[in-house]
Amino acid sequence: MIWSENETLDREQMRAVQLERLQDTVKRVYEKVPFYRSALKEKGVEPGDIKTLEDIRLLPMTVKQDFRDNYPFGLFAVGKDELVRFHASSGTTGKPTVVGYTRNDLNTWAECVGRLVTMAGVTYKDVAQISFGYGLFTGALGLQQGLERVGASVIPMSSGNTKKQIMIMKDFGTTALISTPSYALHIAEVVREMGMDPKKDLSLKWGVFGGEGSTEAMRKELQDAWGIFATENYGMSELIGPGVSGECQALCGMHINEDHFIPEIIDPKTGQVLGEGEAGELVITTVTKEALPILRYRTKDITSLHYEKCACGRTTVRMSKIQGRSDDMMVLGGVNVFPSQIEEVLLNTPGIGPHYQIKVFKKGYLDKIEVVVELVDASVLDSYTQLEALTRDIKARLRTVLGIDSKITLVEPRTLERFEGKAKRVIDLR
Ligand code: DLL
C-alpha cells in the first residue's frame, strides 16, 4: 500500500511542488530568521532569485555549529507561543541541539512517518512496540505519531528493561518491533536466554529499524533471529527526526519524502554538488517545516541518490544505505575506513556473532586497529588451532576489504557491552 499520492508524482510534478515550497521557505527564513537573512545577504541572494530548483545551489549551507552558535532558539522562525513541542539531540560536546515544532509541523511529521511505516509493511492491524527511548530523542515520539496515524496499536515501551519488553511482547501479541537494529538483536538474545525461540514463541512480523546504520548482513541476522521482514529508516533531529526516508519492501534504498526534504549530494571536501549515483555527503533542505526551516543542512552522512522508479510503484528518490559519516570515518595510515565495512566482513564470517568493538590506537607513529569480536561458541577458545584459524580468517577478510592489517581479539559470548539505544562500537584511543 502507498500512503500518499505525493509518493507517486512524476518527476516534473515533484519538481513543481518542490520549487514552490522552496521559494516559500526561502522567503520565510529571510523574513523571520536573522541568521539566514544575513547568510543570504552575504551571498548576495534575495528570495526572488530562486527561480528554478537548481537555484538551491545559490543558498548558504547550514552546519551543526550553527545550532550551537544560536542555542537554544536562534534558528527558529516562529515564537514560543506557536510551538507545541521541543526535542533535542545530544551534542557531541556541551549543549544539546534544540529543535521545535508547531502544530502543523507535528502533523507533517506524523504524515511523513506514516508513509514510511506503511512502506515497511505496517498497517492498522499491527501492534507496534516502540523500543526507542522516550524523552528528548525524536525517535520514539516521532514513530509513535506516525504509527498512530496509520492506525497501528502502539505500545510506548521505551528502551531498556529487556525482560519486561519480552513479557509485554508476548502478552500483547506485538507484531512490529520499532527500535535500533542493535537493540533488536540484543532483545532476541535475551529471548533465547529466557528459554524461548524468538521465531516461534513470539508473533513479530515486522522490524522497523533506524537511528543507526545496519548492513545487509545485519538485516539477515535480524530476519533470521526473529523471522521478520526488516526495513531501515533514516532521519535526524535537525531535519525533523525519523521521517526523512525509509525502505519499502523492494529493499532498494530508502525513499526520501522529497516533497518535504530536498536532497543533494556534495563532495564533503570541496562542497561541489555531485550527480546521481555518486557517493558523497547528504545535504537536505526542509521545505515544509514552520518552526525550524533549514537550508542545505550538511548531515555528514555519506550516501548516494537514485532516481529511477522503484518496483514498489513509488517515484520518490532513494538514498543508499549510509556508508558512514564523514566525521566518524577513520583514517588509518591514510586509508579511509568506515565501521560499516568492518561490520559487513564480521557478519559474513562464520563462527562469530554480531557483537564487536573497534579500537583505534597509535603504536609509535602508526595508526593501528584492533577488532574485538564475540564468538558464537565459547568452546573455540579451548582449541588453539581453531582459535588461530578463525583469527587468521577474519584478519585476511578484513585485509581484503580494507587494505590494512588489524589485530583480532576473540572473546567469549556475552562479554561485550550491549546497547539499548544507538550502539557505540568505535573506541578511538589516539
Ligand atoms: O536518529 C532520528 C531517527 C530515529 C531516525 C529513529 C530513524 C529512527 P538523531 O539522533 O539526530 O536522529 O541522529 C541522526 O543518526 O545523522 C545518522 O548519522 C544516524 N542515523 C539515523 N538513521 C540512520 C540509518 C535520529 N538508518 C544521525 N542509517 C544521522 C545510518 C543513521 N545512520
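Parameters at a glance
Counting of residues starts from 1 at the beginning of each chain's written sequence and follows it residue by residue. Reporting of local features is limited, given that this is a predicted model, to residues whose pLDDT is at least 70; pairs of side-chain atoms are given and counted only at 80 or more, and all residues count toward the totals for whole chains, interfaces and linings. The basis for the side-chain values is all heavy atoms of the structure; hydrogens and waters are excluded. Per the convention used, a helix needs a DSSP run of H or I reaching at least four residues, while a strand needs a run of E reaching at least two, with both numbered from the N terminus. As a reference, a globule follows 2.2 Å times the number of residues to the power 0.38, and the radius of gyration itself is taken over C-alpha atoms. Relative accessibility under 20% of the residue-type maximum defines a buried residue, over 50% an exposed one, and the middle range a partly exposed one, all with a 1.4 Å probe and only protein chains included. Under the convention used here, a 1.4 Å probe and the Shrake-Rupley method define accessible areas, while residue burial counts only the protein chains that appear. Under the counting rule used here, the positive set is Lys and Arg, the negative set is Asp and Glu, and His together with the chain ends is not counted. Every charge is mapped to an atom, namely NZ of Lys, CZ of Arg, CG of Asp or CD of Glu. Any pair of N or O atoms that falls within 3.5 Å is considered a polar contact. Within protein, one atom must be able to donate a hydrogen and the other to accept it, and sequence-neighbouring residues count only if both atoms are side-chain atoms. Here, two residues are considered to be in contact whenever any of their heavy atoms come within 4.5 Å of each other. Two aromatic rings from Phe, Tyr or Trp, using only the six-membered ring of Trp, form a pair when their centres are within 6.5 Å; if the ring planes differ by under 30 degrees the pair is stacked, by over 60 it is edge-to-face, and anything between is tilted. Note on definitions. A residue lies near a molecule or strand when any single heavy atom of the residue is within 4 Å of it. What makes two strands pair is DSSP finding at least two bridges between them.

Undergrad: Can you explain the overall build of the protein? Please cite residues and give values.
TA: Broken down by element type, the protein carries 10 helices and 21 strands. In terms of overall dimensions, the protein is globule-like: its C-alpha atoms have a radius of gyration of 22 Å, near the 22 Å expected for 430 residues. For the protein, with 430 residues in total, the buried portion stands at 54%. Accessible surface, the protein as shown: approximately 18,500 Å² in total, 51% of it carbon and sulfur. Of the charged side chains in the protein, 54 are positive and 58 negative; the average position of the first set lies 2 Å away from that of the second.

Undergrad: Explain the environment of T400 residue by residue, including any values.
TA: Within the fold, T400 resides in helix α10 (residues 384-402). Look at T400 and you get exposed, because its relative accessible area is 68%. In sequence terms T400 and V345 are 55 residues apart; their C-alpha atoms lie 9.6 Å from each other. There is a polar contact of 2.8 Å between the side chain of T400 and the backbone oxygen of A396.

Undergrad: Can you break down the environment of V208 residue by residue, with the values?
TA: Its location among the elements puts V208 in strand β6 (residues 206-210). Along the sequence, V208 and Q129 sit 79 residues apart, while their C-alpha atoms lie 10.0 Å from each other. Residues within four places of V208 in sequence aside, it is in contact with V117, A120, V122, L177, I178, S179, T231 and N233.

Undergrad: Got a sec to walk through the packing of aromatic side chains? Specific residues and values, please.
TA: One pass over the full model with this rule turns up 7 aromatic pairs. Between F73 and F86, the ring centres sit 5.3 Å apart and the planes meet at 20°, which makes this aromatic pair stacked. Here F73 is found in the loop between α3 (64-69) and β1 (83-89), whereas its partner F86 is found in strand β1, with 13 residues between them in sequence. When the centroid spacing of 4.6 Å and the interplanar angle of 5° are considered together, the rings of Y101 and W109 count as stacked. Here the aromatic residues F73, F76 and F86 are joined through ring pairs into a cluster of three or more.

Undergrad: I'd like a description of the side chain of T162, backed by residues and values.
TA: Along the chain, T162 turns up in helix α6 (residues 162-172). For T162, a relative accessible area of 11% puts it in the buried group. Reaching out from T162, the side chain makes a polar contact with the side chain of Y183 at a distance of 2.9 Å. What T162 contacts, discounting residues up to four positions off in sequence, is Y183, H186, I187 and V190.

Undergrad: Tell me what's going on with the site of the ligand, and back it up with residues and numbers.
TA: Not every one of the 21 residues close to the ligand is listed here, only the nearest: E232, N233, S237, D301 and K422. The separation between a nitrogen atom of the ligand and a polar main-chain atom of G213 is 3.5 Å. Here the ligand loses 91% of its free accessible area of 610 Å² to cover by the protein chains. Counting residues per element, the ones that place at least two in the shell around the ligand are α5 (138-150), β7 (229-236) and β8 (241-247).

Undergrad: Account for the sheet that holds strand β15 (residues 324-325), with residues named and values stated.
TA: Pairing is antiparallel in the open sheet, where 4 strands are placed in the order β10-β11-β12-β15. The open sheet terminates on both sides in strands that have one partner only, identified here as β10 (261-266) and β15. Bridging between strand β12 (residues 297-303) and β15 involves 2 bridges; their strand directions are antiparallel. In the strand pairing of β15, D301 is matched with R325.

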